[in-house]
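# Structural features, examined
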Amino acid sequence: MVSTSLPGGTWTLGDLPVTRFGYGAMQLAGPWVMGPPADRGGALAVLRAAVELGITHIDTSEAYGPHVTNQLIREALHPYPDSLHIVTKVGANRDQQGGWPPARDPESLRRSVHENLETLGLDVLDLVNLRLGDAVGPQPGSVAEAFETLVGLQQQGLIRHLGLSNATPEQVAEAQAIAPIVCVQNMYNLAHRQDDELIEALAEQGIAYVPFFPLGGFSPLQSSVLSTVAARLEAAPMSVALAWLLRRSPNILLIPGTSSTTHLRENIAGAALPLSDDDLAELDKIGR
Ligand SMILES: NC(=O)c1ccc[n+]([C@@H]2O[C@H](COP(=O)([O-])OP(=O)(O)OC[C@H]3O[C@@H](n4cnc5c(N)ncnc54)[C@H](OP(=O)(O)O)[C@@H]3O)[C@@H](O)[C@H]2O)c1
């Protein structure tokens, strides 16, 4: 087991112990997740601080930059501590306009897994999420061919565990009929509660739910109720949003993104904010 003083304690992803407070590396690339960061030294410092503060779960993708965040992670942290688990995703490319066109044909998926291995400097990827849907959100459709391709790469020993991202509950069930998954990474936060039922179902199965955009992503969470509760608690709204997620369900793992070491420290402190039952009831109304 990982011992941690980080808020939320730990969770086991398959057989990999991780801190429930993790770190999402997407914000380390340039504007709109394209190109290098303006402050390369600052980006490397955030990654090193995350590990020094005890975080053992970093979320990334070869599509961030593209290549940029994986290369930063390798430069900052390789050789990786045994306790650190890097989770990546495949299934989308980048185009010249910064779009995220799907790339879920078998050849693209194989290439992306090998690119992730190379840029991260790993022989095996701990956990690969198959990213589904599009920029708007999850879209219906079979995942069988794409997921079976990743299962094949897992059987070759290139991937330890599999997950899904941007997935519908039907796609989660379809994938689970093919092979086990250890997490689902979908958009979810105080104001976007579309996955409430899925979170409960996954919790019952011991599967992690990893919300992306926990702070609202490119548009920070805004809610008068959140502002009121935060003011009453003399805390930042972002602290309340993270503390709420940790309380929402034990299978929720946090991967808030930041390019700032100061914000990283604020978020760790903020996620530990105690919330009363009255606070939770009030916050619960935001996204219902
Ligand atoms: N599976 C998918 O399709 C998918 C999609 C999107 C994201 N993700 C993953 O999810 C992770 C989290 O999402 P995200 O980073 O896009 O969004 P987020 O965590 O909701 O929010 C990040 C934004 O909040 C700001 N921020 C963070 N802490 C702050 C603080 N204490 N005070 C003020 N501003 C603060 C950051 O700016 P600063 O840099 O200035 O701190 C950044 O602009 C990503 O890093 C990525 O790994 C996955």
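Here, every reference points to the structure presented above.
A brief structural summary.

So, how was this worked out
Residues numbered from 1 in each chain as written. Predicted model: local features only at pLDDT ≥ 70, side-chain atom pairs only at ≥ 80, totals over all residues. Heavy atoms only, no water. Pairing = 2+ DSSP bridges. Helix = DSSP H or I, 4+ residues; strand = E, 2+ residues; numbered from the N terminus. Near = heavy atom within 4 Å. Polar contact = N/O pair within 3.5 Å; in protein donor to acceptor, adjacent residues only side chain to side chain. Areas by Shrake-Rupley, 256 points an atom, 1.4 Å probe, with all protein chains shown as cover.

### Observations regarding the pairing of strand β2 (residues 16–19)
Pairing analysis gives four bridges linking strand β1 (residues 10–13) to β2, with the strands arranged antiparallel. If you follow T10 over to β2, its bridge partner there is T19. Hairpin connection, β1 to β2: the antiparallel pair is bridged by two residues, and G14 has positive phi, about 70°.

### Description of the sheet that holds strand β4 (residues 57–59)
Pairing is parallel in the open sheet, where seven strands are placed in the order β3-β4-β5-β6-β7-β8-β9. Edge positions in the sheet fall to β3 (23–24) and β9 (208–209), since each of these pairs with one other strand and no more. Alignment of strand β5 (residues 85–90) against strand β6 (residues 125–131), held across four bridges, turns out to be parallel. From the neighbouring strand, T88 faces β6, where its bridge partner is V128.

### What about the site of the ligand?
Lining the immediate surroundings of the ligand are 25 residues, of which D59, S165, T258, S259 and H263 lie closest. One of the side-chain nitrogen or oxygen atoms of S259 is found 2.6 Å away from an oxygen atom of the ligand. Alone, the ligand offers 900 Å² of accessible surface; in the complex the protein occludes 85% of this. Here the shell around the ligand takes three residues from helix α9 (residues 261–271), the largest share from any one element.

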